Amino acid sequence: MSIGDSDLSAIDTSALVHWVRQDSTGKFLLERYGLDQRAERPILSTIVEGEIRALARFWKWGPVKLEVLEEIQGELVRFDAGHHEDVQA
């Protein structure tokens, strides 16, 4: 499967963890899919947002990682996954 520069994409929790950590997997995802360079910014659901916040607390991420997380989240399009009227059948 190939994702084009203008295809809509959504970030899952594990991808976001690697992106924040800036480890080899995170760097690969950024390079391969241009997550931080796309014309159509990736979607961040409120579910993933809650999961990443819980993991950050569990793993005791310090201020540096939390700041990186905030910066990344600021670049994503937040989608409230709790509103059924946002979903079309």
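That block above? That's the structure.
All values reported here derive from a predicted model rather than from experimental measurement. (Residues numbered from 1 in each chain as written. Predicted model: local features only at pLDDT ≥ 70, side-chain atom pairs only at ≥ 80, totals over all residues. Heavy atoms only, no water.)

(A) A look at unusual backbone geometry. You will see that glutamine 22, though not glycine, has its phi angle at about 55°, which is positive. On the secondary structure map, glutamine 22 appears in the loop between α1 (13-21) and α2 (24-33). The backbone phi angle of lysine 60 is positive, close to 55°, even though this residue is not glycine. In this structure, lysine 60 sits in the loop between α3 (46-58) and α4 (63-75). (Helix = DSSP H or I, 4+ residues; strand = E, 2+ residues; numbered from the N terminus.)

(B) A look at the packing of α1 against α3. The contact between α1 and α3 brings their axes to 9 Å, and the two run at 50°. As judged from the angle between their axes, α1 and α3 are oblique. The handedness of the crossing between α1 and α3 comes out as right-handed. On α3, the residues touching Thr13, Leu16 and Val17 of α1 are Val48, Glu51, Ile52 and Leu55. (Axes fitted to C-alpha atoms, helices over the stretch in contact; angles between N-to-C directions. Parallel < 35°, antiparallel > 145°, perpendicular 65-115°, else oblique. Left-handed = near helix turned anticlockwise from the far one by under 90°. Contact = heavy atoms within 4.5 Å.)

(C) The packing of α3 against α4, seen in detail. Contact pair α3 / α4: the axes reach a minimum separation of 12 Å and the direction vectors enclose 170°. When the axes of α3 and α4 are compared, the pair comes out roughly antiparallel. Packed against α3, whose contacting residues are Glu49, Ile52, Arg53 and Ala56, the element α4 presents Leu66, Leu69, Glu70 and Gln73 at the interface. Of the residues in the contact of α3 with α4, the class split is four nonpolar, one polar and three charged. (Nonpolar A, V, L, I, M, F, W, Y, C, P; charged D, E, K, R; others polar.)

(D) Focus on the pattern of salt bridges. Considering all chains together, one arrives at three salt bridges under this definition. Arginine 78 serves as the salt-bridge partner of glutamate 49, at 2.7 Å between the closest nitrogen and oxygen. Of this pair, glutamate 49 sits in helix α3 while arginine 78 is found in strand β2 (residues 77-79), placing the two residues 29 residues apart along the sequence. For glutamate 49, a relative accessible area of 17% puts it in the buried group. Two residues, arginine 53 and glutamate 70, come together in a salt bridge whose shortest N-O distance is 2.3 Å. Placement of arginine 53 in helix α3 and of glutamate 70 in helix α4 is noted, with a sequence separation of 17 residues between them. By relative accessible area, arginine 53 is classed as partly exposed at 30%. (Salt bridge = Lys/Arg side-chain N within 4 Å of Asp/Glu carboxyl O. Buried < 20%, exposed > 50% of the residue type's maximum accessible area, 1.4 Å probe, protein only.)

Just distances and angles here, no functional claims.
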